[in-house]
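# Structural overview for review
Each chain, letter by letter, is given below.
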Amino acid sequence: MESFSLILAIVVVTALAFDFTNGFHDTANAMATTISTGALKPKVAVAMSAVLNLVGAFLSVEVANTISKGLVDENGIRPEVIFAALVGAILWNLLTWLVGLPSSSSHALMGGLIGATVASAGFGAVHGDVLVTKVLLPAVAAPVVAGLAAMLATRFSYGMGKNADGEASRKGYRVGQIASAGLVSLAHGTNDAQKTMGVITLALIAGGSIAPGSNPPTWVILSAGLAIALGTYIGGWRIIRTMGKGLTDLEPQQGFAAQTSAATAILASSHLGFSLSTTHVVSGAVMGTGLGRKGGVVRWSTATRMAVAWVLTLPAAALVGAGAEAVTDLGDWGTAAVAVFLVASSVAIWRLSRRQVVDHSNVNEVDETAEPAGVVTAAIAAVTPPPTAAAAEELAATIPAPATAEPAPATSAAPPAAKV
């Protein structure tokens, strides 16, 4: 077992706390479409996802090695730098969860790590080639590729099901959607749990507990897997609502296409060592299914808000990480002050979230403040508005009434009296 200092223990606990927030922040990536289409009940869905997240954590360490060995220079990085990076990542995760935006936990972690490293050791300590090739380029390409794949898969699914029985087809796609959602959960554990493994491993190297270049120890893999699984089971219901209902109206065929496309992209990137954002991939796939279904819509205002959050994630987390590093550099009291600030901010965000509770009982209710329809649908409605009551009466007045049969001549009530 590695020797631990107090600061190293604090870093490990904070890293597992980030992993926990990553779990409930990204539950929507695996289960939002499954829950929104009714393929699984909400609590069953998150329980299944949690178990598969834990299993996925043991499948690979390539992404963990990208973080612990490739992104920043291991030499000269102190455990306090890792702690400051995690503060930036956790706070960004909690803020975006509060407003229900599916931002990238991966980029929050990367941003916090880059900002804290630059504040501590300068820009030269960040490996720019790794940042570009294994973080930034996949961030741009992943949602586009997943979206195109999901759009084509959606069109193919509806084309194949034209002559199939409607109800039987929907049941079949629900089953396929459950299987593909499980695959996304497995991929999420493989990709995202490794990021925490990489951060803890980097902290252990920085603290002198293990040799530079080491792979994550077994206890690190297990603890990271358990933390992300527990967070997943808690369920990030706010983001599940946005992903399942806020981007587009999903049918089982679309859910199956989105999950399958996303799982394929995530698993491939994990084995290549790309620190891919599962949020970017799944969001791109969901939008692709909205474009792929005839008559489907994408709520572009929601998509735009998400895109803005994606762009801001890395620099915002970097700024907080850099600020936290500047304070921790003042000594032990600075580290304690940053820890108190993190706990107080987390409690404040949680209390704000209690003002409007979103949980498994109301996750599928449509948010009244959300955009009700896509831009195309709204434009069509503006061009051809439905007739009002007055217009309907005026239209009815111009149409001649249907001819009615003439009434029969009246007959006398009694026959005439006979002559005497």
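Going by the structure above, here's the rest.
Read on for a plain summary of the structure. Keep in mind the model is a prediction, meaning the values are calculated, not measured.

### What to know about the side chain of arginine 238
Considering the arrangement of structural elements, one finds arginine 238 in helix α10 (residues 237–246). Classification of arginine 238 by relative accessible area gives buried; the value is 13%. Within the structure, arginine 238 has its side chain in polar contact with the backbone oxygen of leucine 98 (distance 3.3 Å). Not counting the four nearest positions on each side in its chain, arginine 238 is found in contact with Trp97, Leu98, Gly100, Ser353, Gln356, Val357 and Val358.

### Some details on the packing of helix α1 (residues 6–25) against helix α5 (residues 79–98)
One can describe the packing of α1 onto α5 by two numbers: an axis separation of 9 Å at closest approach and a directional angle of 25 degrees. Taken as axis vectors, α1 and α5 run roughly parallel relative to one another. The crossing of α1 and α5 is left-handed. Of α5, the residues touching α1 (which contributes Ile7, Ile10, Val11, Thr14, Ala15, Ala17, Phe18, Thr21, Asn22, Phe24 and His25) are Pro79, Glu80, Ile82, Phe83, Leu86, Ala89, Ile90, Asn93, Leu94, Thr96 and Trp97. Looking at side-chain class alone, the contact of α1 with α5 contains 15 nonpolar, 6 polar and 1 charged residues.

### Concerning the nonpolar core
Within the largest apolar cluster, 91 residues are counted, with the highest numbers of intra-cluster contacts made by Ile82 and Leu86. The element best represented in this core is α5, accounting for 14 residues.

### Considering the environment of alanine 309
The residue alanine 309 is located in helix α13 (residues 300–328) in this model. The class of alanine 309 is buried, set by a relative accessible area of 5%. Along the sequence, alanine 309 and serine 103 sit 206 residues apart, while their C-alpha atoms lie 6.0 Å from each other. For alanine 309, the contacting residues outside a window of four places in its chain are Trp92, Leu101 and Ser103.

Cut-off values and rules
- Residues numbered from 1 in each chain as written.
- Predicted model: local features only at pLDDT ≥ 70, side-chain atom pairs only at ≥ 80, totals over all residues.
- Heavy atoms only, no water.
- Helix = DSSP H or I, 4+ residues; strand = E, 2+ residues; numbered from the N terminus.
- Buried < 20%, exposed > 50% of the residue type's maximum accessible area, 1.4 Å probe, protein only.
- Polar contact = N/O pair within 3.5 Å; in protein donor to acceptor, adjacent residues only side chain to side chain.
- Contact = heavy atoms within 4.5 Å.
- Axes fitted to C-alpha atoms, helices over the stretch in contact; angles between N-to-C directions.
- Parallel < 35°, antiparallel > 145°, perpendicular 65-115°, else oblique.
- Left-handed = near helix turned anticlockwise from the far one by under 90°.
- Nonpolar A, V, L, I, M, F, W, Y, C, P; charged D, E, K, R; others polar.
- Core = buried A, V, L, I, M, F, W, Y, C linked by side-chain atoms within 4.5 Å.

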